[in-house]
Amino acid sequence: MNELLIMADARLMAERAAWLQSLAGERRLSQHTLDAYERDTRQFLTFMTGHLAGPTTLKDIEALRPADFRAFLAARRRDGTGARSLGRNLAGLRSLLRHLEKKGLVNAAGAGAIRSPKQPKSLPKPLSDSQAVTVVSNEAQLHEEPWIAARDAAVMTLLYGCGLRISEALDLLPGDIASGATTLRVTGKGNKTRLVPLLSVVFEAVDRYRALCPYHLTADQPLFRGARGGKLQQAIVQRTMQKMRGAFGLPETATPHALRHSFATHLLAGGGDLRTIQELLGHASLSTTQVYTGVDASRLLDVYDRAHPRA
């Protein structure tokens, strides 16, 4: 905290803290995004301390020009920061400046005049059908505790069977998956809700976990518990997938989020339309979902190259 006080005066730091609190409370951003925005703005204020030869004040923020933001992005690029991270750096700064502008403290026009760095096009990397089935099967879980193995299988099945983000799965309450339910109401990014079909195999996996879980799953507590009874953390699920990569020869791209990619890609390959997949994934824009058409085309070309005699 002393480092932060050196970077900026007390009033600016108080406003920054209030901004971060509003992102968590009002916009309900994920902890991962909050950590990234905290880090991005800290890096900017550290840069500004050197750029201005002293702690940054609200008056300094008010006087910022596009050239100052370009200098910051150039410094980050020299440190090896990629285009995606630079884009997020700028998004975090713009969000902070909009917060300050709404309170009448600064004018955010300088940041608005900066174009976000051009993002490299990259395709999602889904698992194959057989790899995804292996990951979600109860028999493939590596933990010796039967209830934890059942828990891991249930979480993986939700990611692949419903296309959930890992945070969405771990935020579920026991009552969200009711007996006999055929749909699941999910609260995603921006506090938006959507309905996804609840396949019988998903319900059965969750039901198996419930039967074995040693903790009382009260209605107002998380459905998925850690070994000590607290809320299951994302890092535990990620480590579980890491172990499965080694045990089953899965690629490095096999992550919990890759199961969500697999859900979308396999639906598209099976004849699903983009609008439906967009709704199921909770994407705000169809252009976000359209990336999966590139994945499907890439898979078709790969099959063609390996199978066609004249390829």
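Residues numbered from 1 in each chain as written. Predicted model: local features only at pLDDT ≥ 70, side-chain atom pairs only at ≥ 80, totals over all residues. Heavy atoms only, no water.

Under an unreviewed UniProt entry, the name given to the protein is Tyrosine recombinase XerC, and the source organism is Rhizobium metallidurans. Word for word, the UniProt comment on the protein under Function (unreviewed entry) is "Site-specific tyrosine recombinase, which acts by catalyzing the cutting and rejoining of the recombining DNA molecules. The XerC-XerD complex is essential to convert dimers of the bacterial chromosome into monomers to permit their segregation at cell division. It also contributes to the segregational stability of plasmids." (UniProt positions renumbered as here; feature names shortened; annotations may be inferred.)

### As for empty space enclosed by the protein
In total, this model carries one cavity of 30 Å³ or more according to the counting rule given. Estimated volume of the largest cavity: approximately 50 Å³. Lining the largest cavity, in full, are F44, L45, I61, F69, L93, L96, L97 and L100. Among the secondary structure elements, those contributing two or more residues to the lining of the largest cavity are α3 (31–52) and α6 (83–102). (1 Å grid on protein atoms, 1.4 Å probe; cavity = no way out; pocket = protein on both sides within 12 Å on 5 of 7 lines; lining within 4 Å. Points joined across faces, edges and corners; volume = space filled by probe spheres on them. Helix = DSSP H or I, 4+ residues; strand = E, 2+ residues; numbered from the N terminus.)

### Quick notes on the nonpolar core
L158, L164, L184, Y209, F224 and L259 are the most contacted members of the largest nonpolar core, which has 48 residues in total. Listing elements by their share of this core, those giving two or more residues are α8 (129–136), α9 (146–162), α10 (166–170), β1 (183–187), α11 (200–212), α12 (234–248), α13 (256–269) and α14 (274–281). Sort the elements by how many residues they give to this core and α9 lands first, with ten residues. Residue contacts for L184: discarding those within four places in its chain leaves L158, C162, L164, L172, D176, I177, R194, L195, V196 and L198. One finds L23, Y37, M48 and V106 within the second-largest nonpolar core, a separate group that totals 27 residues. (Core = buried A, V, L, I, M, F, W, Y, C linked by side-chain atoms within 4.5 Å. Buried < 20%, exposed > 50% of the residue type's maximum accessible area, 1.4 Å probe, protein only. Contact = heavy atoms within 4.5 Å.)

### Side note on the pairing of strand β2 (residues 193–197)
When a strand is regular, its side chains alternate between the sheet's two faces. The two faces of β2 differ: R194 and V196 on one face are buried, but T193, L195 and P197 on the other face are not. Across five bridges, β1 lies against β2 in antiparallel orientation. Across the sheet, V186 pairs through a bridge with R194, a residue of β2. Counting the residues between successive antiparallel strands, the hairpin from β1 to β2 contains five residues, one of them, G190, with a positive phi of roughly 65°. (Pairing = 2+ DSSP bridges.)

### Points about the packing of helix α2 (residues 10–25) against α6
Interaxial distance between α2 and α6 falls to 10 Å at its minimum, and their mutual angle equals 105°. Of the possible angle classes, the one that applies to α2 and α6 is roughly perpendicular. In this structure, α2 contributes L12, E15, R16, A18, W19 and L23 to the contact, and α6 contributes G92, S95, L96, H99 and L100. A per-class count over the contact of α2 with α6 returns six nonpolar, three polar and two charged. (Axes fitted to C-alpha atoms, helices over the stretch in contact; angles between N-to-C directions. Parallel < 35°, antiparallel > 145°, perpendicular 65-115°, else oblique. Nonpolar A, V, L, I, M, F, W, Y, C, P; charged D, E, K, R; others polar.)

### Describing the side chain of R245
Looking at where R245 falls in the secondary structure, it is placed in helix α12. Every residue in contact with R245, bar those within four places of it in the chain, is listed here: L250, P251, E252, A254 and T255.

### Remarks on the packing of aromatic side chains
By the definition in use, this model includes six aromatic pairs. Ring centres 5.8 Å apart and planes at 80° place the aromatic pair W147 and Y215 in the edge-to-face group. Highlighted residues: W147 in helix α9 and Y215 in the loop between α11 and α12, separated in sequence by 68 residues. Classification of Y215 as partly exposed rests on a relative accessible area of 27%. Within the aromatic cluster, the residues linked to one another by ring pairs are F44, F47, F69 and F72. (Phe/Tyr/Trp six-rings, centres within 6.5 Å; stacked < 30°, edge-to-face > 60°.)

### Overview of the side chain of T240
Here T240 lies in helix α12. Excluding residues that lie within four positions of it along the chain, T240 makes contacts with Q141, D152 and M156.

### A short note on the pattern of salt bridges
Here the structure, examined in full by the defined rule, presents ten salt bridges. Residue D171 pairs with K231 through a salt bridge whose shortest N-O separation is 2.5 Å. Of the two residues, D171 sits in the loop between α10 and β1 while K231 sits in the loop between α11 and α12, which places them 60 residues apart along the sequence. According to the relative accessible area criterion, D171 is partly exposed, its value standing at 45%. Note that E252 is salt-bridged to R245, the shortest N-O span being 3.9 Å. Residue classification places E252 among the exposed positions, given a relative accessible area of 64%. You can call R245 buried: its relative accessible area is 14%. One salt-bridge network, in which partners are shared between bridges, spans R16, E38 and R42. (Salt bridge = Lys/Arg side-chain N within 4 Å of Asp/Glu carboxyl O.)

### Let's talk about the layout of surface pockets
The computed volume of the second largest pocket comes to approximately 280 Å³. Together, 14 residues line the second largest pocket, and H143, R151, I236, T240 and K243 are the ones closest to its centre. Breaking the lining of the second largest pocket down by element, the ones donating at least two residues are α9 and α12. The greatest single-element share of the lining of the second largest pocket, amounting to four residues, is contributed by α12. When its residues are assigned to classes, the lining of the second largest pocket shows five nonpolar, four polar and five charged.

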